[in-house]
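Summary of the model geometry
So the chains spell out like this:
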Amino acid sequence: MKTRLLISAIAMLFTITSTTGCDDRDAISTKTQEAYFAVVYANDAWVHQFRGFIVNKEGKVITFDKPQNWHQFDQGSELTPQQLIENLSKTTPSSVIIPAEEFTRYAAKVNSVSNADLSKPQAVGADGGSTSFYAFRLDKGAYKPVLLKQTGDVQIKNDNETATEMAPWLEGIMLEVY
């Protein structure tokens, strides 16, 4: 009787934990968050410019350009899941999709970055705007943007090892999008 119970328990455990037809991207997207990365360009020197893109849970790059009622974020803020969903609803799909293995590799590292290693903001220009590169950490039910790097009029560097790896990767994606 005990053997039958043990075999049934093992079979049930195997059934629950096994997956068929799922790649790593599916495993990440179905269990965690709606968005992982964002790049934002802002400039108010001559004309209001606010555009960028978000990398969603499927590794798809979705863009925005001066969306109405956008929930702003920076390294000191957070977004509720509802606010993030509202922002995502104001985006447009691009033709850029990050390969599954590449997306999975970077998405898996999101929780190892933080805003603890940010340099002091350094003014290096005027009227050129700034481009900010973010990773989203889902923490206690809120999306917390982690600044990976900021370029342009005001430069900020994140010295976290993972952030220094992610920022150039996002810059490469930006070149594909724009």
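Shown above is the structure to which this text applies.
Computed from a predicted structure; not experimentally measured.

Analysis parameters
- Residues numbered from 1 in each chain as written.
- Predicted model: local features only at pLDDT ≥ 70, side-chain atom pairs only at ≥ 80, totals over all residues.
- Heavy atoms only, no water.
- Buried < 20%, exposed > 50% of the residue type's maximum accessible area, 1.4 Å probe, protein only.
- Helix = DSSP H or I, 4+ residues; strand = E, 2+ residues; numbered from the N terminus.
- Arc of directions from axis to C-beta.
- Contact = heavy atoms within 4.5 Å.
- Phe/Tyr/Trp six-rings, centres within 6.5 Å; stacked < 30°, edge-to-face > 60°.
- Lys NZ or Arg CZ within 6 Å of the ring centre and 35° of its normal.

Every α-helix carries 3.6 residues per turn, so stepping three or four residues along brings you back to the same face. Among the residues of helix H3 (residues 81-88), those classed as buried are Leu84, Asn87 and Leu88. The arc enclosing the buried residues of H3, seen along the axis, measures out at 100°, which places them on a common side. Among the structural elements, strand S1 (35-43), strand S2 (49-56), strand S3 (60-65) and strand S7 (142-152) are those in contact with the buried residues of H3.

Moving on, we come to the packing of aromatic side chains. Applying the stated criterion across every chain, the model contains 11 aromatic pairs. With 4.0 Å between their ring centres and 10° between their planes, Tyr106 and Trp169 make a pair best called stacked. Here Trp169 lies in helix H5 (residues 161-177) and Tyr106 lies in helix H4 (residues 100-107), a separation of 63 residues in the sequence. Here Tyr106 falls in the buried class, since its relative accessible area comes to 9%. An aromatic cluster is present here, built from Tyr36, Phe37, Phe103, Tyr106 and Trp169 joined pairwise through their rings. Sitting above the plane of the Tyr106 ring, Lys109 keeps its charged end 5.8 Å from the centroid.

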